[in-house]
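Examining the three-dimensional arrangement
These are the residues of each chain, in order.
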Amino acid sequence: MMEGSSAEEALSVSASSIRITDVTQDGDVLTFAIASQKLDSSAGVCVFRIYEDFDWLQQSLFSQENLPGLQGIIFPPLPSKALTSQSNTQTKALKQLGFLALGQDWQSYCKAMEFYLQQVAAHPTLCKCTALDSFLINYESPGKQRGRKGIFNRLSQAVEEMRKESHKDVDNFFQNERNKNTNLAALSKVATEKLLDVVMTEQKLALACGHFSTSLHLCVNQDDAAAVAFSKVCLKLSDVIEAVKQNFEKVASNSLSTLGLGLDLESRYQEAEKEMLFRRTCKLIELETVKKSTEKAKGNKREAMEAFQKAVEKEFNLISSVAKQEIERFHSSRVNVLKNFLIGWCELQLNTAKEFAEFYSQHLEACRNMYSE
Amino acid sequence: MAASSERSPPPFPDLDEPELLEDSDEGADAFTGTSISEMDSPSPDSTRPPKDIFNDPPEDIFSDPLSNINTEPQKKVDTKIPSPSSDEAIDLFSDPLDDDSEVISSPEVQNPMPDLLNEPVEVPKSDVLGEPPVHKNAARQQDVFEDPPKGSSKSSSVKKAASAELFGEDEDEEDLFNEPPKVVTKKPQPSGPPVEVFTEVKSDVKVKPQVKDDPTDLFAEEALTAPAPKPSASSSSRTNGVHSEEQDLFSEATVELSLDSPRNDRKKKDAVKPSVSAPAAPVASSSSKAPSKTLEELEEEESEDKFDLNISVTNPEKVGDGMNAYMAYKVSTQTSLTMFRSKTFTVRRRFSDFLGLYEKLSEKHSQNGYIIPPPPEKSILGMTKVKVGKEDPSSAEFVERRRAALERYLQRVVNHPSLLQDPDVREFLEKEELPRAVGTQALSGAGFLKMLNKATDAVSKMTIKMNEQDVWFDEKIQDVENEEQHMRKLHIMVESLVNHRKELSGNTAVFAKSVAMLGSSEDNTALSRALSQLAEVEDRIEQLHQEQASNDFFTFSELLADYIRLLGAVKGCFDQRMKSWQRWQDAENMLQKKRESEAKLLWANKPDKLQQAKDEIAEWEAKVTQYEREFERISATVRKEVIRFDKEKARDFKRQIIKYLESLLNSQQQLIKYWEAFLPEAKAIA
């Protein structure tokens, strides 16, 4: 029902063309250069946005008016704000951002932001939001005309969250989905963390190799023939270790740029689905309370309550039907996304392994021929 | 035999008896064992022809025309032990070996033989025998020599064959002769009397000093000291142990054999000729020194090339229970070297045996300036774990690590051309049962004493301020110091590398597990399957990391640890050299003092004491020259050793790098396989 009515309101840029081309850090503020391609012309648009602008966009999406079943939508997850100030150590950033804190010059963070924008733009409902269009096209920063805080903003942090989360669903589909979601959200989070550990260790190894390789240069001594021979051996070893270091760096960055981002996205998306499901559960609880009070109500009060109950019920059903669509859409897209990341990862690692196998065999050849003369 | 009559004055006090017995036993082992077994088996070895030569022709040559002399040579030879340069003797001897029997069996050989026996040797014999200390010495040596062959056979031809056997192993033996004498040299140095005895000998037996100076410098040492330890041994010092005696035994035998070689005969004549005039000797020594050294170097090069000796330490096995338990290792040797009884043999040794070998070797050879490869350290913690018997991976790792370290240690020992010749090394590799090594316990009284000695050594090292004249040494000492620091640094880095690698392996395992979990709760079947495949891939990668971690460890960490220890040994050599220098300097100072007192006496006009002062000056002059020569020799040896060490080091590291690269390459190829297998799975996700 929403897809059909959208022709004239649709986004004026192509969703897949959205790129974050550059990021600059000025003090604590990261400024992202966002480029996109207009649909009706070949002209490109480039705007500069800071994190607050993204946040404004997300809030605007949350608080869209006149959009029935808004609560049933799985909103693409916006990465949390990057800690840029010098006082924040890397460990803190890692804790908060995980993979997104890794990589040079916020590359993975930009990638995640870019992915967020693409997801929003590709979303059949959200792409119609005027806030998105102005975010992507207007040169002025939209962040100043701040919208009111979204209603869902602190929702997930409600105290009664736990109680509500375990509330029994009336619909088996949703009950199942909720169980699975809880499971997967936890697991994907763990998997992401573990992969992060692996990548971190690889980086540490690369660093250790670097130290080792540099230290080997200390052994260089040109005093006599034997020393020269030994120095040669040391330098060769230094080269080899340097190669090992590059290998680790490459492997680490491969994991980071593909599966790392993929798992991170997956785990954040699961969280987003969880929030959506939670919103629906809240609505369900509200409906049940209304039902109960309607039963208790008497006289004309009862009529009013029944009318209210109907309205709530209608809203709940709408949310549920939107949610069902969203869940289906989410599942198919997440499998696709994961698949692409997995393939990309595998290919990169394969290439790296081949490249370094070649590299090592060259070194080996060189070593075997070394001063055999 | 004439020898027996000479033995009649009991040359050794009771004190010495047991040692001697033990020696002769071992000698008999070595002699009869080899000779008899070899004779029985008609192996086409290179050793075969010479044996024949000695076995048969001698019968003709010796038994008939020389039968009367036959017993005498031994005696004469005994008194003349130091006469031939071992170098030459062996060289000459090895020639006939290679060139087949013709040289020896030819009549030419026979001719010089009587010459030799009648003329030059006869002279020293009569001279020497008149002198009590030398006589004693001779008798004793003879005793040592005579005993073993008697046990097997009385005929001198067999004896000859046996010794031929032993010495038929061409230049290998030569090192053996060069080494032990040096061990002996140490003994007379601290104590004055032996040297006095020696000087006495010198004055009385003119032949000796010349002969002694004539051959290689190494052998000269023996000549200097060979007579000396005898009296000292018979009087008090028990420290004059098994090895010095064995060495006598061998040196004797060489001489005996050298009688057979025509060239040596000439040589000996040369040696005897200058003996008429003492001053001529130094000239001869200096001239013969140079060629012999280059010869040695050549030989070293050669032996490195044709080296064929594989030693593996395998099958660590726990023997016994509780705190008395120990690990026994199988030491297998594979070789084509003829010095060993067979091509392959295996013995079981425990860790303390390895340490014991090191103790023996360092006791004998370290003062010569040899770099003795150090064995792995004792690890009370690691061993206790093993003893307690917990089957945890860390104790298995400990055992494997030690096994590998012991293997490398043994390989380094036998790689050393001189150490390979040491009877203890051979015994360690070949002999079924070794006497239990004592004093290797980390906390034993002996260990404590050792620590004390080390401490005093360290103190004396600090007090010795050596005025380094040799630029090469000056630089090298600094280099070694720096290198040790670098190695330590590198070792720390490799350790951290290994630890990170292990961490990576652990993390990969955890990741694999969580991916497997994720896969199992995934709805999409294709994705689920891909994820569980991925988990398997990650598991295999974890294995790879683990292997690589141990590769890193064994190729680099242990290598560096070895070299840190070896550099310690190198520094020990420098210290030995410094000590030798110090001894020389002390002697110089003493001489200076003696001269001053002589001048004072002259001034004071006290002729009665003047003679004594002069004697003392002469004595100290002799000492100074001796110590100086010792210092020069140890410097040369250390230098050679360090050069060898450097070469060895470069080779070792190169080998390890190649090994490491091979392992890296292998890992990468495995990785490629894994990823290639996984890629279609990922693509199959619907």
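Source: prediction; values computed, not measured.

Observations concerning the overall build of chain B
Of regular secondary structure, chain B possesses 28 helices and 3 strands. Counting across all 686 residues of chain B, residues that qualify as buried make up 55%. When contacts within chain B are restricted to residue pairs at least 6 apart in sequence, long-range pairs at least 24 apart make up 81% of them. Summing over all exposed atoms, chain B offers an accessible surface of approximately 29600 Å²; the carbon and sulfur share of this is 54%.

Comments concerning the nonpolar core
Phe32, Ile34, Phe54, Tyr109 and Leu342 of chain A together with Trp675 of chain B are the most contacted members of the largest nonpolar core, which has 164 residues in total. Examining the composition of this core, we find that 25 residues originate from one element, helix H27 (residues 525-604) of chain B, more than from any other. Among all residues touching Tyr109 of chain A, those that are not within four sequence positions of it are Leu30, Phe32, Tyr51, Pro79, Ser80, Lys81, Ala82, Leu97 and Leu100 of chain A. Listed in part, the 31 residues of the second largest apolar core include Met339, Val347, Leu355 and Leu361 of chain B.

Here we look at the pattern of salt bridges
By the definition in use, this model includes 47 salt bridges over all chains. Residue Glu355 of chain A is joined to Lys250 of chain A by a salt bridge in which the shortest nitrogen-to-oxygen separation is 3.2 Å. Of the two residues, Glu355 of chain A is situated in helix H8 (residues 299-369) and Lys250 of chain A in helix H7 (residues 225-296); the sequence distance between them amounts to 105 residues. Look at Lys250 of chain A and you get partly exposed, because its relative accessible area is 32%. Arg334 of chain A serves as the salt-bridge partner of Glu522 of chain B, at 2.7 Å between the closest nitrogen and oxygen. Taken together, the residues span two chains, with Glu522 of chain B in the loop between helix H26 (471-520) and H27 and Arg334 of chain A in helix H8. Beyond isolated ion pairs, a larger network of salt bridges with shared partners links Glu377, Arg401, Arg408, Arg412, Glu558, Asp562, Arg565, Asp652 and Arg655 of chain B.

Examining the UniProt feature "coiled-coil region" (unreviewed entry) in chain B
UniProt records the feature "coiled-coil region" (unreviewed entry) at residues 610-637 of chain B, using the numbering of this structure. Overall, residues 610-637 of chain B shows 100% helix and 0% strand. The separation of its end C-alpha atoms is 40 Å.

With respect to the interface of chain A and chain B
Facing 62 residues of chain A, the contacting portion of chain B comprises 57 residues. Across the chain A/chain B interface, buried area totals approximately 5400 Å², and carbon plus sulfur atoms make up 77% of it. Ranking the residues of chain A by area buried against chain B places Phe212, Phe230 and Leu342 of chain A at the top, with a combined share of 11%. Linking chain A with chain B are 6 salt bridges, by the criterion used here. Joining chain A to chain B, the criterion identifies 7 residue pairs in polar contact (both at pLDDT 80 or more). When contributions to the side of chain A that touches chain B are tallied by element, the ones reaching two or more residues are helix H6 (172-216), H7 and H8 of chain A. Looking at which element gives the most residues to the side of chain A that touches chain B, the answer is H8 of chain A, with 22 residues. Per-class residue counts for the side of chain A that touches chain B are 39 nonpolar, 11 polar and 12 charged.

So, the packing of aromatic side chains
One pass over the structure, following the stated rule, counts 24 aromatic pairs over all chains. Here the aromatic rings of Phe173 of chain A and Phe174 of chain A are separated by 5.2 Å at their centres, their planes lie at 85°, and the arrangement is edge-to-face. According to the relative accessible area criterion, Phe173 of chain A is partly exposed, its value standing at 31%. Centre to centre, the rings of Phe356 of chain A and Tyr360 of chain A are 6.1 Å apart; their planes meet at 55°, and the pair counts as tilted. Within this pair, Phe356 of chain A and its partner Tyr360 of chain A are both found in helix H8, separated by 4 residues, close to a single helical turn. Each of the two residues, Phe356 of chain A as well as Tyr360 of chain A, counts as buried. Here the aromatic residues Phe32, Phe54, Tyr109, Tyr116 and Phe135 of chain A are joined through ring pairs into a cluster of three or more. It is Arg350 of chain B that lies over the ring of Tyr326 of chain B; its NZ or CZ is 3.6 Å from the centre. Cation over ring: Arg583 of chain B sits above Tyr627 of chain B, and NZ or CZ is 5.6 Å from the ring centre.

Thoughts on the sheet that holds strand S3 (residues 44-50) of chain A
All names here are of chain A. Read across the sheet, 3 strands follow the order S1-S2-S3 without closing on themselves; strand pairing throughout is antiparallel. Single-partner strands in this sheet number two, and they are strand S1 (19-26) and S3. Adjacent strand axes in the sheet meet at a mean angle of 20°, parallel and antiparallel pairs treated alike.

A word on empty space enclosed by the protein
According to the stated counting rule, one finds 16 cavities of 30 Å³ or more in the structure shown. In this structure, the largest cavity spans a volume of roughly 340 Å³. What lines the largest cavity is a set of 26 residues, and nearest its centre among them are Glu202 and Val251 of chain A together with Ile541, His545 and Leu671 of chain B. When its residues are assigned to classes, the lining of the largest cavity shows 14 nonpolar, 9 polar and 3 charged.

Digging into the sheet that holds strand S3 (residues 344-350) of chain B
All names here are of chain B. Across the sheet, 3 strands lie side by side as S1-S2-S3; this open sheet has antiparallel pairing. The open sheet has two edge strands, strand S1 (309-319) and S3, and neither has a second partner. In this sheet, neighbouring strand axes are inclined to one another by 20° on average, regardless of whether the strands run parallel or antiparallel. Direction of pairing for S1 relative to strand S2 (residues 326-335): antiparallel, over a ladder of 9 bridges.

Examining the confidence of the model for chain B
Residue and element names in this part refer to chain B. For chain B, the mean per-residue pLDDT works out to 64, and 49% of the residues sit at or above 70. Between residues 1-306, whose pLDDT stays under 50, and residues either more than four places distant or in other chains, the model counts 413 contacts. Scoring of the predicted complex yields 0.65 for pTM and 0.86 for ipTM.

Thoughts on the packing of H26 of chain B against H27 of chain B
All names here are of chain B. Closest axis-to-axis distance for the H26/H27 pair is 8 Å, and the angle between their directions is 165°. Classified by the angle between their axes, H26 and H27 sit roughly antiparallel to one another. Between H26 and H27 lies a crossing whose hand is left-handed. Among the residues making up the contact of H26 with H27, the classes are represented as 29 nonpolar, 9 polar and 14 charged.

Examining the side chain of Asp264 of chain A
Residue and element names in this part refer to chain A. Checked against the element boundaries, Asp264 lands in helix H7. Looking at Asp264, the relative accessible area reads 7%, which means it is buried. If we ignore the near neighbours within four places in the chain, the residues touching Asp264 are Leu97, Leu100 and Thr192.

Some details on unusual backbone geometry
All names here are of chain B. For Asn315, which is not a glycine, the phi torsion comes out positive at approximately 45°. With respect to the helices and strands, the residue Asn315 is situated in strand S1. In this structure Asn315 comes out as partly exposed when scored by relative accessible area, which is 42%.

Description of the environment of Asn183 of chain A
Mapped onto the fold, Asn183 of chain A is located in helix H6. Along the chain, Asn183 of chain A and Gln270 of chain A lie 87 residues apart, while their C-alpha atoms are 9.6 Å from each other.

Cut-off values and rules
- Residues numbered from 1 in each chain as written.
- Chains lettered and ligands numbered in written order.
- Predicted model: local features only at pLDDT ≥ 70, side-chain atom pairs only at ≥ 80, totals over all residues.
- Heavy atoms only, no water.
- Helix = DSSP H or I, 4+ residues; strand = E, 2+ residues; numbered from the N terminus.
- Buried < 20%, exposed > 50% of the residue type's maximum accessible area, 1.4 Å probe, protein only.
- Contact = heavy atoms within 4.5 Å.
- Areas by Shrake-Rupley, 256 points an atom, 1.4 Å probe, with all protein chains shown as cover.
- Core = buried A, V, L, I, M, F, W, Y, C linked by side-chain atoms within 4.5 Å.
- Salt bridge = Lys/Arg side-chain N within 4 Å of Asp/Glu carboxyl O.
- UniProt positions renumbered as here; feature names shortened; annotations may be inferred.
- Buried area = accessible area lost by both parts, 1.4 Å probe.
- Polar contact = N/O pair within 3.5 Å; in protein donor to acceptor, adjacent residues only side chain to side chain.
- Nonpolar A, V, L, I, M, F, W, Y, C, P; charged D, E, K, R; others polar.
- Phe/Tyr/Trp six-rings, centres within 6.5 Å; stacked < 30°, edge-to-face > 60°.
- Lys NZ or Arg CZ within 6 Å of the ring centre and 35° of its normal.
- Pairing = 2+ DSSP bridges.
- Axes fitted to C-alpha atoms, helices over the stretch in contact; angles between N-to-C directions.
- 1 Å grid on protein atoms, 1.4 Å probe; cavity = no way out; pocket = protein on both sides within 12 Å on 5 of 7 lines; lining within 4 Å.
- Points joined across faces, edges and corners; volume = space filled by probe spheres on them.
- pLDDT = per-residue confidence, 0-100.
- Parallel < 35°, antiparallel > 145°, perpendicular 65-115°, else oblique.
- Left-handed = near helix turned anticlockwise from the far one by under 90°.

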